[in-house]
Amino acid sequence: MRREANRRRVLSLMAGAAAAGALEPARAAFGDLGAMAQKAGVLFGAALGSPYDGDRDYAGLFSQARLIVSEWQFKLASLAPDDGVYDFSNADRLATLAMAMRKPLKAHCLFWQAANPAWLKGLSTARLRYVFDAHIDRVVPRYAGKVFAWDVVNEPFWPASGLPGGFGDGPWYQAFGPDWPLRAFQRAAALDKTAKLALNEAECDINQDGLGNTIRPALLRLVDTIRQAGARLDAVGLESHLDMSQPYDDAMFGDFVARLAERGAGVWISELDVRDFGLPDDTGERDRLTGARVESFLNHALATRAVNQVATWGLSDKYSWLDEIWRREHAGSTRRPRPLPYDRDFKRKPMWSAMASAFVKRAPLVKANSAKPGSAGGGHP
Ligand code: G3I
């Protein structure tokens with residue numbers, strides 16, 4: 001009862017604050033990456049996983065976000081925890097919150113071959129095909145007009161599966177083969193004429209065979225396949241979960257982004273954060289290194305005008321998905337990952353400054369009278 005009352009209070013606070021422009025104090029306190037990004041023609045946002053309940057400061061951090069991304073609420077595991085049984089409560093709650101905050105919502109994601117509910121395992125091909133179509137038909141119309149964008153397909157590639165074209169194995173590949181992403185885009189576009197439809201992929205930034213070096217050409221081929229089939233594809237999301245223990249060639253990544261942009265879709269840096277597991281314990285050193293990584297990465301990515309959306313995967317180290325992974329892998333360790341622009345006490349870090357610098361550096365590239373940022377590929381609502 002108290003939790004619900006608390007939720008309502010925070011919701012009304014958010015709505016009231018948004019209406020009364022009282023977000024300014026929060027933006028003054030926390031900084032405003034959203035405003036700097038906007039001057040650079042970029043829609044800045046962040047994934048929201050944990051609810052706002054009870055953490056008003058965390059809600060304040062989001063005052064600078066111009067976009068909310070669902071971290072898990074719109075995934076099949078959350079929407080359909082049991083076969084044929086839908087529970088829209090988490091998704092509806094986030095959609096309501098985004099509306100109260102007057103911020104566009106990107107629903108992530110219609111289909112992913114990982115993190116699916118257990119009931120999907122072992123289904124026949126025919127049943128998987130039914131579930132696939134029924135899921136789109138059930139979910140997309142429900143949120144038409146309420147979501148700015150869908151990550152329609154998440155991570156279609158995984159070269160380690162050994163499938164032709166580097167496709168990842170999983171329920172949807174088993175159902176429809178390499179055409180499953182195209183089917184998803186065709187069906188989603190028929191059900192929601194206005195939401196931006198995005199293809200989201202991981203690892204593209206890594207300079208390694210079997211990961212980025214294999215996935216990048218595969219992704220370009222898939223974008224061409226979808227577009228040549230006449231299906232609507234508004235943007236390609238590059239997750240950008242940077243990892244300090246992986247090899248990078250930002251110039252090469254920048255060239256890939258430019259080639260992706262030639263296809264006419266927007267390019268979205270969709271899940272930016274930095275895994276610092278392999279770095280020294282010293283937080284000052286870690287933050288310096290991760291900040292430098294992010295600044296180099298963004299400078300190369302933002303050199304392409306079509307990059308019109310940057311979202312971090314959360315805003316504070318306090319609520320990062322990496323925290324749980326670290327604790328699982330380092331039981332008893334008092335160290336915590338520092339993947340995001342704000343630390344666990346919501347203080348800005350060098351990553352914040354790196355992002356600010358990259359946005360400020362890009363701003364002059366954006367001609368004053370240019371069309372709305374990202375109009376080519378839907379970066380902005
Ligand atoms: O589904 C339940 C929900 O019903 C319940 O109310 C809620 C509250 O406890 O928990 C939900 O469970 C967990 C959810 O996170 C919320 O914490 C799921 O069991 C857990 O699997 C889920 O993990 C998410 C993971 O994707 C799998 O969906 C992480 O938060 C999220 O950060 C991570 O994000 C992925 C992107 O989707 C794709 N790119 C990689 C990225 C990191 O793995």
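Residues numbered from 1 in each chain as written. Predicted model: local features only at pLDDT ≥ 70, side-chain atom pairs only at ≥ 80, totals over all residues. Heavy atoms only, no water.

A. Spotlight on the overall build of the protein chain. On a plain count of helices and strands, the protein chain comes out with 14 helices and 9 strands. Burial statistics for the protein chain: of 381 residues in total, 57% are counted as buried. Considering only residue pairs separated by 6 or more positions, the protein chain has 78% of its internal contacts joining residues 24 or more positions apart. Carbon together with sulfur atoms contributes 53% to the accessible area of the protein chain, which is approximately 15100 Å² in total. (Helix = DSSP H or I, 4+ residues; strand = E, 2+ residues; numbered from the N terminus. Buried < 20%, exposed > 50% of the residue type's maximum accessible area, 1.4 Å probe, protein only. Contact = heavy atoms within 4.5 Å. Areas by Shrake-Rupley, 256 points an atom, 1.4 Å probe, with all protein chains shown as cover.)

B. View of the nonpolar core. F62, W150, L238, L272, M355 and F359 are the most contacted members of the largest nonpolar core, which has 101 residues in total. Counting 11 residues, the second largest nonpolar core, distinct from the first, contains L43, L67, A149 and A311. (Core = buried A, V, L, I, M, F, W, Y, C linked by side-chain atoms within 4.5 Å.)

C. Structural view of the site of the ligand. Around the ligand lies a shell of 14 residues, among which E71, K75, H108, E239 and E271 are the nearest. Taking E271, its side chain carries an N or O atom lying 2.7 Å from a nitrogen atom of the ligand. Summarising the interface, the protein chains cover 56% of the accessible area of the ligand, which totals 800 Å² for the free molecule. Residues belonging to the shell around the ligand are distributed by class as follows: 5 nonpolar, 4 polar and 5 charged. (Near = heavy atom within 4 Å. Polar contact = N/O pair within 3.5 Å; in protein donor to acceptor, adjacent residues only side chain to side chain. Nonpolar A, V, L, I, M, F, W, Y, C, P; charged D, E, K, R; others polar.)

D. Molecular detail of the packing of helix α10 (residues 212-228) against helix α11 (residues 250-261). Contact pair α10 / α11: the axes reach a minimum separation of 11 Å and the direction vectors enclose 10°. On the basis of their axis angle, the class for α10 and α11 is roughly parallel. Counted together, N213, R216, L219, L220 and V223 of α10 and M252, F256, R259 and L260 of α11 form the full contact between these two elements. Considered class by class, the residues forming the contact of α10 with α11 number 6 nonpolar, 1 polar and 2 charged. (Axes fitted to C-alpha atoms, helices over the stretch in contact; angles between N-to-C directions. Parallel < 35°, antiparallel > 145°, perpendicular 65-115°, else oblique.)

E. Quick peek at the confidence of the model for the protein chain. Mean pLDDT over the protein chain: 91, with 88% of residues reaching 70 or higher. Across residues 15-22 the pLDDT falls below 50, and counting only partners more than four positions away or on other chains, this stretch makes 9 contacts in the model. Predicted confidence is poor over residues 368-377, with pLDDT under 50, and the contacts of this stretch with residues over four places away or in other chains come to 19 contacts. (pLDDT = per-residue confidence, 0-100.)

F. How the structure looks around the pattern of salt bridges. Using the criterion set out here, one finds 20 salt bridges in the structure. A salt bridge links R275 to D243, with the nearest nitrogen and oxygen atoms 3.9 Å apart. Of this pair, R275 sits in strand β8 (residues 266-275) while D243 sits in strand β7 (residues 241-243), and the two are 32 residues apart along the sequence. Judged by relative accessible area, which is 13%, D243 ranks as buried. (Salt bridge = Lys/Arg side-chain N within 4 Å of Asp/Glu carboxyl O.)

G. Main features of unusual backbone geometry. The omega torsion across H108 and C109 is 0°, close enough to zero to call that bond cis. Tracing the sequence through the fold places C109 in strand β3 (residues 105-112). Of note in this structure, E203 is not a glycine but carries a positive phi near 65°. Turning to its location among the elements, E203 is positioned in the loop between β5 (196-201) and α10. Taking the relative accessible area as the measure of exposure, E203 reaches 25% and is therefore partly exposed. One non-glycine residue, F346, adopts positive backbone phi at about 65°.

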